[in-house]
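# Descriptive analysis of the structure
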Amino acid sequence: MTSDMKIPDPLDLDRDEEARLRRVAGLPPARTPAGEYAGFESVGLPERPPQTERESEVYTLEEGEMLVNMGPQHPSTHGVMRLVVKVRGEVVTDIDPVLGYLHRGIEKLCEEATYTTVLTYVDPMDYLGTMHNEHAPAIAFEKLFGISAPRRAEYIRALVVELNRVFSHSLMMGFLALDMGGITPILYGFINRDEIVDMLAAISGQRMLFNFFRVGGVNWDTNDEFLSRLGTWRSHVLKNVEMSERVITDNEIFRARTIGMGVLSGKEAISLGVSGPNLRASGVAFDVRKAHPYSIYPELEFEVITQAGGDSNARYLQRIAEVKQSIHLIDQIIDKMPHGPVQAQVPGIIRPKPGRAYAAIESPRGLYSVYAISDGGPNPYRFRMRDPSFVSLQAIPKLMPGRLIADTMAVMASFDPVMGGVDK
Amino acid sequence: MADLCRSRCAADRLGRRRALTAPAKAGALVRLLLDRFPDLAAGLWTDEDTVEVTIEGDRNVAVLQALRDDPELNFFFLADAAAVDYGVTEHLEVVYHLYSDRHPAWLRVRARVNRADPHIPTITGLWEGAMFHEREMYDMMGILFDGNRDLRRIFMSPDYRSFPQRKDFLLPDDAADSSAAGVRPLERPETWDLTRLSDELAPGVIAHAEGES
Amino acid sequence: MELLLGVLRFLLSTTLILLLTVPTAFVVIQMELKIIAGAQLRYGPNRVGPWGMFQSTIHGFKVLAKEDHIPDQADRATFTLAPWMVYMAAAMSMLVIPFAPGAIAADFNIGIVYFFAVLGLSVVGLLVAGWASYNKYSLLGGLRSAAQMVSYEIPLTLSVVGAVVLAGTLNFRELIEWQRAHGWMLVWQPVGLAIFYVASLAEINRTPFDMVEADSELVAGPFTEYSGMRFGFFFFAEYVALFIMSGIMISLFFGGWLAPWPFPAELDGFAGTVYGVLWFFIKTYIFVALAVLLRVTLVRIRVDQLMGVAWKVLLPLAMLNLIVTAAAVVVFKL
């Protein structure tokens with residue numbers, strides 16, 4: 001072997017072969033000079049130049065960086081979402097969320113559906129907060145139709161909505177621990193959820209996508225089974241919640257993983273559009289139930305809870321506090337529930353007058369709103385839903401650079417996004 | 001398409017049995033708006049819990065900034081940014097919903113966008129959280145936001161070539177081949193009025209596609 | 001003749017040890033399944049065999065039956081070698097475990113040193129697995145594991161040196177004899193025990209130190225691309241290592257095969273061997289169960305916090321412990 005014979009690197013051999021084949025086939029070359037958008041096809045994107053400034057910023061690799069795909073199939077991205085994470089070793093330098101894996105075209109679909117059918121289409125958006133998904137359109141459509149639900153219906157609505165909030169927050173507590181390696185709290189969360197889901201199945205007939213709200217009220221009144229399950233649940237729920245949270249809340253390791261992580265200041269949160277428990281954990285007292293009251297919330301006594309700090313621990317504690325607040329609200333609702341019909345008298349095919357209506361509610365993830373435009377026909381002309389998880393996801397690329405990969409999942413879990421709502 | 005009602009009278013428009021969800025204090029807000037933006041008087045509309053103004057697209061940043069920064073208006077929270085397509089021969093619209101802690105009513109700002117040239121300035125300078133909303137409006141309606149640093153598709157794949165939520169959106173591949181084909185006009189190609197199709201494509205992708213073999 | 005008998009005895013004991021690793025893994029995995037299920041308010045496996053006893057055995061056979069896939073661009077030689085390295089580290093370290101007075105496979109005079117030396121080989125195996133897989137997740141996992149295991153080996157070994165200084169021997173059997181005379185080592189070296197326990201959990205990648213295979217972030221760390229029996233090797237090696245670490249911990253600090261107070265510490269002859277083995281297993285499995293309970297309760301520590309604990313807390317404590325112990329030995333002429 002002579003000293004000037006160079007043994008090519010196996011990777012170079014592959015590249016040369018690929019370039020030769022592409023030349024023969026008349027295709028443009030596959031690889032671009034290093035330093036430009038060198039990371040695209042390593043994360044499975046079709047190879048093309050970056051379309052926007054931000055895209056080239058994320059996909060341009062500097063010395064020592066690499067792109068890791070926390071892909072759509074991943075144990076803890078809360079649904080199907082892709083996070084392209086640019087890392088230098090263990091430290092995250094940038095994140096690009098890629099959405100749309102669960103996009104079902106619900107908004108467009110609802111333009112072809114009658115108003116009653118729309119309420120079934122919106123169920124699987126934020127599938128852990130189904131009652132909230134239905135509540136906002138119900139209010140918006142009632143504004144368009146010019147009707148209002150009877151008082152008992154409003155009370156039942158508030159009851160199921162608060163029950164939904166309790167189980168959604170219980171699950172978040174479990175998911176937060178699960179994303180950090182604690183395999184028990186999620187099962188306790190599901191035990192809590194199962195009780196409530198059995199209760200809601202007794203009243204609506206469904207365990208997850210409840211299809212319970214109607215324009216002008218709710219579908220069925222409470223029945224014996226529902227009330228008996230409600231009573232049983234109420235008698236031990238506070239103890240259950242306390243038992244579930246005791247596993248992790250004061251745990252030293254959990255506190256080390258959540259305190260000071262993902263700190264979002266109040267101003268930043270408002271600018272990003274974050275709402276709900278995430279915003280209140282950053283100290284901003286904005287709760288749609290108090291800020292712009294709807295349904296029967298003006299008649300209930302509660303205060304807006306906030307936490308100082310804006311870190312993951314604050315978001316976690318905020319949700320525990322909100323669970324207890326919701327249970328207190330449920331007590332008041334049960335106390336004050338009037339008798340009466342549960343559905344307003346509306347004709348079968350109802351046509352609203354042309355108009356626009358906006359309705360916003362407080363869902364477990366934040367401000368969930370519906371903007372509906374009617375043109376006088378049986379279907380909505382435009383049906384727009386604003387989902388809070390969609391907007392909260394923008395906080396992740398803002399908070400994560402400089403942190404470790406492990407924190408990405410933990411902080412994302414503390415924001416509690418649900419991909420069904422994000423992707424509609 | 002029937003014209004949208006613009007009555008100011010709540011009872012008229014909503015039916016007598018409608019309960020008020022928020023105290024009708026929109027009056028204070030209406031007066032303030034007329035004071036600050038007198039030229040918007042013609043397009044002002046109110047409901048018992050929403051006040052609506054209509055502006056031309058290119059004024060959106062100025063108006064929204066004034067709404068946000070004025071201490072008496074104080075619309076600090078952007079609740080929603082949506083796009084509406086009023087029909088193939090009509091304009092597009094970008095609708096912003098704002099919340100203020102000083103006024104109990106929601107404020108709706110409707111910004112008209114030209115269909116032939118759907119450009120409107122971006123508000124990501126005012127609210128960073130508008131980025132995803134604007135990406136969604138571009139993806140679904142084809143509205144281009146000038147100054148947005150990241151205007152690419154968010155739900156559809158990056159090489160998708162049409163805008164799903166537009167009123168003239170068709171899925172010709174699926175419609176004619178399905179077993180239920182022919183039930184609705186959308187599924188029968190002979191009923192399509194191709195003169196009404198708009199021809200806009202994604203700017204970045206089309207430039208690249210044309211450059212490639 | 002003596003030589004021949006010695007060689008035969010060695011061959012027999014090593015074969016027994018190798019054969020022993022597999023049922024040990026099965027038992028430990030079954031314990032894990034059932035204890036975790038209990039803590040999570042579920043039944044756990046209860047169909048395969050009475051009380052689901054044979055579930056982990058069937059897991060073992062299932063793993064044999066899976067497709068054995070090597071990624072195209074992985075380095076075949078090292079990809080294949082990595083599971084063997086990890087498994088051999090576990091099996092070799094099992095040679096010196098003192099089951100009972102007459103039942104130690106290899107009664108080295110430097111048994112303790114040998115044990116920790118061989119245990120460190122599993123680091124190499126994990127690192128090789130991470131690198132050879134041609135996968136970014138595996139790479140990150142492999143590097144994490146190397147960093148973690150290397151940093152925790154130092155406090156691990158230092159914490160034992162205190163016990164060694166007290167007993168004056170590096171031989172496991174003699175250390176247990178010393179404990180028989182002077183009382184269990186945990187009374188003499190409580191700090192050493194604490195450090196050893198924490199460091200041993202980190203060394204075998206158990207929660208709260210299981211960053212290596214953090215399945216909610218990196219899918220499965222260095223094991224991502226492994227399937228079939230190759231993954232089976234890693235899987236069993238982990239549980240065998242858990243058993244081994246618990247065994248060593250009780251040998252060093254809890255009296256090994258000696259029975260606790262109300263019972264006679266040792267018996268004679270063959271009955272003594274059986275008695276010793278019985279108590280050894282009881283104590284080991286108590287600690288295995290404790291490790292499983294920790295796994296089901298605690299969340300994971302982050303990589304940099306993990307390294308911080310090793311270098312900033314455990315190491316200084318271990319050195320302090322050693323100094324104090326050595327001083328006490330000199331002063332009190334122990």
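Residues numbered from 1 in each chain as written. Chains lettered and ligands numbered in written order. Predicted model: local features only at pLDDT ≥ 70, side-chain atom pairs only at ≥ 80, totals over all residues.

## Regarding the overall build of chain C
- Counting its secondary structure elements, chain C contains 12 helices and 0 strands.
- Against the compact-globule benchmark of 20 Å for 334 residues, chain C has a radius of gyration of 20 Å, which places it among compact chains.
- A principal-axis box enclosing the C-alpha atoms of chain C has dimensions of 60 × 50 × 45 Å.
- Per-residue burial for chain C yields a buried fraction of 50% across its 334 residues.
- Partitioning the intrachain contacts of chain C with sequence separation of at least 6 by distance along the chain shows that 80% fall at a separation of at least 24. (Helix = DSSP H or I, 4+ residues; strand = E, 2+ residues; numbered from the N terminus. Rg over C-alpha atoms; globule rule 2.2 N^0.38 Å. Buried ≥ 20, exposed ≤ 12 C-beta atoms within 10 Å, placed from the backbone. Contact = placed C-beta atoms within 7 Å.)

## Details of the overall build of chain A
- Looking only at helices and strands, chain A has 17 helices and 8 strands in total.
- Residue pairs in contact within chain A that sit at least 24 positions apart in sequence constitute 68% of those at least 6 positions apart.

## Let's talk about the packing of helix α10 (residues 228-253) of chain C against helix α11 (residues 269-297) of chain C
Residue and element names in this part refer to chain C.
- One can describe the packing of α10 onto α11 by two numbers: an axis separation of 8 Å at closest approach and a directional angle of 120°. Here α11 runs oblique to α10, going by the angle between their axes. By crossing handedness, the relation of α10 to α11 is classed as right-handed. Between α10 and α11, the residues in contact are Leu242, Phe243, Ser246, Gly247, Met249 and Ile250 and Lys283, Thr284, Phe287, Val288 and Ala291, respectively.
- Per-class residue counts for the contact of α10 with α11 are 7 nonpolar, 3 polar and 1 charged. (Axes fitted to C-alpha atoms, helices over the stretch in contact; angles between N-to-C directions. Parallel < 35°, antiparallel > 145°, perpendicular 65-115°, else oblique. Left-handed = near helix turned anticlockwise from the far one by under 90°. Nonpolar A, V, L, I, M, F, W, Y, C, P; charged D, E, K, R; others polar.)

## Overview of the domain arrangement of chain A
All names here are of chain A.
- Taken domain by domain, chain A comprises domain 1 (43-101 + 400-412) and domain 2 (106-386).
- For domain 1 and domain 2, the distance between their C-alpha centroids amounts to 31 Å.
- The interface is formed by 5 residues belonging to domain 1 together with 8 residues belonging to domain 2.
- Among the residues forming the side of domain 1 that touches domain 2, the class breakdown is 3 nonpolar, 1 polar and 1 charged. (Domains from an automatic or database assignment.)

## Looking at the environment of C:Ala25
Residue and element names in this part refer to chain C.
- Its location among the elements puts Ala25 in helix α1 (residues 2-39).
- Between the alpha carbons of Ala25 and Phe243 there is a distance of 8.0 Å; along the sequence they are 218 residues apart.
- The residues contacting Ala25, other than those within four sequence positions of it, are Phe236, Tyr239 and Val240.

## Quick notes on the sheet that holds strand β2 (residues 82-88) of chain A
Residue and element names in this part refer to chain A.
- The strand order β1-β2-β3 describes an open sheet built from 3 strands, whose pairing is antiparallel. The sheet is open, and its two edges are formed by β1 (66-70) and β3 (91-98), each paired on a single side. Each neighbouring strand pair of the sheet contributes to a mean axis angle of 25°, computed without reference to strand direction.
- Taken together, the 5 bridges between β1 and β2 define a ladder with antiparallel strand orientation. Each bridged residue has a counterpart across the sheet, and for Met66 the counterpart in β2 is Val87. (Pairing = 2+ DSSP bridges.)

## Here's the deal with helix α4 (residues 111-119) of chain C
Residue and element names in this part refer to chain C.
- All of the buried residues in α4 are Gly111, Ile112, Phe115 and Leu119. Buried residues of α4 fall within an arc of 100° about the axis and therefore sit on the same side.
- Structurally, α4 contributes buried residues whose contacts are with α3 (76-93), α5 (121-132), α6 (136-167), α7 (172-182), α9 (190-203) and α10. (Arc of directions from axis to C-beta.)

## Side note on the sheet that holds strand β6 (residues 355-363) of chain A
All names here are of chain A.
- Spatially, β6-β7-β8 is the arrangement adopted by the 3 strands of the open sheet, whose pairing is antiparallel. Every other strand in the sheet has two partners, leaving β6 and β8 (380-386) as the edge strands with one partner each. Here the average twist between neighbouring strands, direction ignored, is 15°.
- Bridge count between strand β7 (residues 366-374) and β8: 6 bridges; the pairing is antiparallel. Looking at β8, one finds that Ala372 is bridged to Phe383.
- Docked against the sheet, helix α5 (residues 130-145) engages β6 and β7, running at close to 150° with respect to β6.

## A short note on the interface of chain A and chain C
- Contact with chain A, which involves 27 residues of that partner, is made by 22 residues of chain C.
- Of all elements in the fold, only β1, α6 (151-179), α7 (185-204), α9 (252-258) and α16 (405-415) of chain A reach the threshold of two or more residues within the side of chain A that touches chain C.
- Tallied by class, the residues present in the side of chain A that touches chain C amount to 18 nonpolar, 5 polar and 4 charged.

## Points about the environment of B:Gln165
- Position of B:Gln165 relative to the elements: it lies in the loop between β7 (144-146) and α5 (172-177).
- With 20 C-beta atoms packed within 10 Å, B:Gln165 lands in the buried category.
- Linking B:Gln165 and B:Asp85, residues 80 residues apart in sequence, is a C-alpha distance of 7.8 Å.
- Non-local contacts of B:Gln165, meaning those with residues more than four positions away in its chain, are made with A:Glu107, A:Lys108, B:Asp85, B:Met140 and B:Met141.

## A short note on the pairing of β7(A)
Residues and elements named next belong to chain A.
- In terms of burial, β7 is a largely internal element, 9 of the 9 residues being buried.
- Relative to β7, β6 runs antiparallel, the two being bridged by 9 bridges. The residue bridging Glu362 from the neighbouring strand is Leu367, located in β7.
- The turn joining β6 and β7, which pair antiparallel and follow one another in sequence, is formed by 2 residues.
- Between β7 and β8, which pair antiparallel and follow one another directly, the connecting turn spans 5 residues, one of which, Gly376, has a positive phi of 95°.

## Overview of the packing of helix α2 (residues 55-65) of chain C against α10(C)
All names here are of chain C.
- Packing of α2 against α10 brings their axes to within 6 Å, and their N-to-C directions diverge by 140°. Judged by the angle between their axes, α2 and α10 are oblique. For the pair formed by α2 and α10, the contact residues are Gly60, Val63 and Leu64 on the first element and Gly228, Met229, Phe231 and Gly232 on the second.
- When its residues are assigned to classes, the contact of α2 with α10 shows 4 nonpolar, 3 polar and no charged.

## Some remarks on unusual backbone geometry
- In this structure, C:Leu41 is a non-glycine residue whose phi angle is positive, near 60°.
- Summarising the element assignment, C:Leu41 is placed in the loop between α1 and α2.

## Things to note about the environment of C:Thr24
All names here are of chain C.
- By the secondary structure assignment, Thr24 is in helix α1.
- In this structure Thr24 comes out as buried when scored by C-beta crowding, with 23 C-beta atoms within 10 Å.
- Sequence separation between Thr24 and Ser145 is 121 residues, and the spatial gap between their C-alpha atoms is 24 Å.

## Section: the pairing of strand β3 (residues 77-85) of chain B
Residues and elements named next belong to chain B.
- When you tally the buried positions in β3, you get 9 out of 9 residues, the bulk of the element.
- The pairing of β3 with strand β4 (residues 92-99) spans 8 bridges and is antiparallel. Within β4, the residue paired with Asp80 across the bridge is His97.
- Counting the residues that bridge the hairpin from β3 to β4 gives 6 residues, and of these Gly87 lies at a positive phi of roughly 125°.

## A closer look at α6(C)
All names here are of chain C.
- The terminal C-alpha atoms of α6 lie 47 Å apart, and with 32 residues this matches the ideal 46 Å at 1.5 Å per residue to within 8%.
- When you tally the buried positions in α6, you get 25 out of 32 residues, the bulk of the element.
- Count one or two residues on from α6 and you reach Gly168, which has phi positive near 75°. (Expected span 1.5 Å × (residues − 1).)

## Some remarks on the confidence of the model for chain A
- Looking at chain A as a whole, its pLDDT mean stands at 85, while 87% of the residues score no less than 70.
- Long-range and interchain partners of residues 32-39 of chain A, a stretch whose pLDDT sits below 50, account for 12 contacts in this model, where long-range means more than four residues apart. (pLDDT = per-residue confidence, 0-100.)

## Considerations on the confidence of the model for chain C
All names here are of chain C.
- Looking at chain C as a whole, the pLDDT averages 87, with 97% of positions reaching at least 70.
- Highest mean pLDDT in chain C belongs to α9 (92); lowest belongs to α6 (86).
- Interface predicted TM-score (ipTM) for the complex: 0.85; the corresponding pTM is 0.83.

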